[in-house]
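Notes for the structure review
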Amino acid sequence: MLQTVIEFKNVTKLYGEEKSKAVDDISFAIKEGEFITVLGSSGSGKTTILKMINRLIREDSGNITFFGEDISEMNEVDLRREIGYVVQQIGLFPHMTVAQNIATVPELLKWDKKDIQSRIKELLALVQLDPEIFADRKPKELSGGQQQRVGVARALAANPKVMLLDEPFGAVDAITRLQLQKELQKIHKELSDKTFVLVTHDINEAFKLGTRVLIMDKGKVCQFDTPQEIIRNPKTEFVVNLIATVKEHEAFWGELK
Ligand SMILES: Nc1ncnc2c1ncn2[C@@H]1O[C@H](COP(=O)(O)OP(=O)(O)OP(=O)(O)O)[C@@H](O)[C@H]1O
């Protein structure tokens, strides 16, 4: 049996004076090694889910476990050490080189210098950046796609069990995006015990990358299943409409032929 890595039980998050429900009584479980994509329209609660997992946001009710342990009872630093976090805005440190950016957490953890150097090389190779060329560059000397690769490498540096990725390819062009998606899929396959949770509003990205897709609408989970099962058996009108958008695009491209 695969281990449950993250579990939400009746989790609700309220915002503002009016206590509107950003996340509304949701429950789901994620197993070790899965690549979960969280798909939904703007404001459906995707980022809130991700930030509740690494405790940047606290739930108002319900509970969240990480490898069976209630995260509200865990030390935040210990929890975040097990979680890599990649966001669209990247957040590389501008005054540091690529190598120094990747080394940040291993240095905090006081890894041996030699181990840090070999880890930097290994990770740059994993994200398809030649260490000879890129290790000593500053973030501003990289393209957006290259910066995003460094963001992924930095998040993987201390070997976390879980990777949270919030619209990681939102700001790159379509061709680079496709390439980064393929690379991320390859990285996930190579690191088979790692669990990935990726937020996107792009249905193609969600269905291509996700071993299961968690579909959100207005703070609720509409469906959580494999891409094949969702296509075969869409559970709500929202999901039916979502799939219809893909068919509409297909028809459009078909007509151009
Ligand atoms: N700090 C906040 N204060 C008040 N309301 C918030 C706050 N953060 C998020 N919200 C609201 O909670 C809801 C869910 O937001 P969330 O960022 O989780 O959505 P999302 O699905 O990630 O959206 P997007 O795809 O646009 O990033 C939205 O209605 C949003 O306006």
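Residues numbered from 1 in each chain as written. Predicted model: local features only at pLDDT ≥ 70, side-chain atom pairs only at ≥ 80, totals over all residues.

In plain terms, the rule: UniProt positions are given in the numbering used here, feature names are shortened, and annotations may be inferred rather than shown by experiment.
Per an unreviewed UniProt entry, the protein chain goes by ABC-type quaternary amine transporter and derives from Trichococcus patagoniensis. Recorded under Sequence similarities (unreviewed entry), the UniProt text for the protein chain is reproduced unchanged: "Belongs to the ABC transporter superfamily."

**Side note on the overall build of the protein chain**
Formally: Counting from the N terminus, the helices are DSSP H or I runs at least four residues long and the strands are E runs at least two residues long. Put simply, the radius of gyration uses C-alpha atoms, and a globule should come to 2.2 Å times the residue count raised to 0.38. With C-beta atoms placed from the backbone, the exposure class of a residue follows from how many other C-beta atoms lie within 10 Å of its own: 20 or more, buried; 12 or fewer, exposed; in between, partly exposed.
Summing up its helical and strand segments, the protein chain has 10 helices and 10 strands in all. The globule rule puts the C-alpha radius of gyration for 257 residues at 18 Å, and the 19 Å found for the protein chain is close to it. By its C-alpha atoms, the protein chain is 55 × 55 × 40 Å across when sized along the principal axes. A burial count over the protein chain gives 32% of its 257 residues as buried.

**What to know about the environment of valine 197**
What counts is decided by this rule: We call two residues in contact when the distance between their C-beta atoms, placed using the backbone, is within 7 Å.
By the secondary structure assignment, valine 197 is in strand β8 (residues 195-200). Through-space distance from the C-alpha of valine 197 to that of leucine 165 is 6.1 Å; in sequence the pair is 32 residues apart. Leave out the neighbours within four places in its chain, and valine 197 touches Ile30, Ile36, Val38, Leu50, Val162 and Leu164.

**A short note on the domain arrangement of the protein chain**
Short version of the rule: Source of the domain bounds: an automatic or database domain assignment. Residue classes follow a fixed rule: Ala, Val, Leu, Ile, Met, Phe, Trp, Tyr, Cys and Pro count as nonpolar, while Asp, Glu, Lys and Arg count as charged, and any other residue, Gly among them, counts as polar.
For the protein chain, the assigned domains are domain 1 (1-82 + 161-226) and domain 2 (93-159). The straight-line distance from the C-alpha centre of domain 1 to that of domain 2 is 24 Å. Domain 1 puts 10 residues into the contact, and the matching count from domain 2 is eight residues. The greatest single-element share of the side of domain 1 that touches domain 2, amounting to four residues, is contributed by helix α7 (residues 174-190). Partitioned by chemical class, the residues of the side of domain 1 that touches domain 2 number seven nonpolar, one polar and two charged.

**A closer look at the site of the ligand**
Going by this rule: The criterion for a residue being near a molecule or strand is simple: its C-beta atom, placed using the backbone, must lie within 6 Å of it.
The immediate surroundings of the ligand are formed by Tyr15, Gly16, Ala22, Gly40, Ser42, Gly43, Ser44, Gly45, Lys46, Thr47, Thr48 and His201. Element by element, the count of residues in the shell around the ligand is highest for helix α1 (residues 46-53), at three residues. Taken together, the residues of the shell around the ligand sort by class into two nonpolar, nine polar and one charged.

**Quick notes on unusual backbone geometry**
The residue aspartate 25 is not glycine, and still its phi comes out positive at about 55°. The phi angle at arginine 55 is positive, at roughly 70°, despite the residue not being glycine. The topology assignment puts arginine 55 in the loop between α1 and β4 (61-66).

**A few points about the nonpolar core**
So the rule is basically this: Definition of nonpolar core: a set of buried Ala, Val, Leu, Ile, Met, Phe, Trp, Tyr and Cys residues joined via C-beta atoms within 7 Å.
Membership of the largest hydrophobic core comes to 57 residues, with the highest contact counts inside it found for Val38, Ile102, Leu123, Ala153, Leu164, Val197 and Leu214. Top element by residues in this core is helix α6 (residues 144-156). It accounts for five residues. Built from parts of two domains, this core gets at least three residues from each of domain 1 (1-82 + 161-226) and domain 2 (93-159). Ignoring anything within four residues of it in the chain, the contact list for leucine 214 reads Phe28, Ile36, Val38, Val221 and Phe224.

**What about the UniProt feature "domain: ABC transporter" (unreviewed entry) in the protein chain?**
As annotated in UniProt, the feature "domain: ABC transporter" (unreviewed entry) corresponds to residues 6-243 in the numbering used here. Secondary structure across residues 6-243 divides into 39% helix and 27% strand, with the first and last C-alpha atoms of the span separated by 27 Å.

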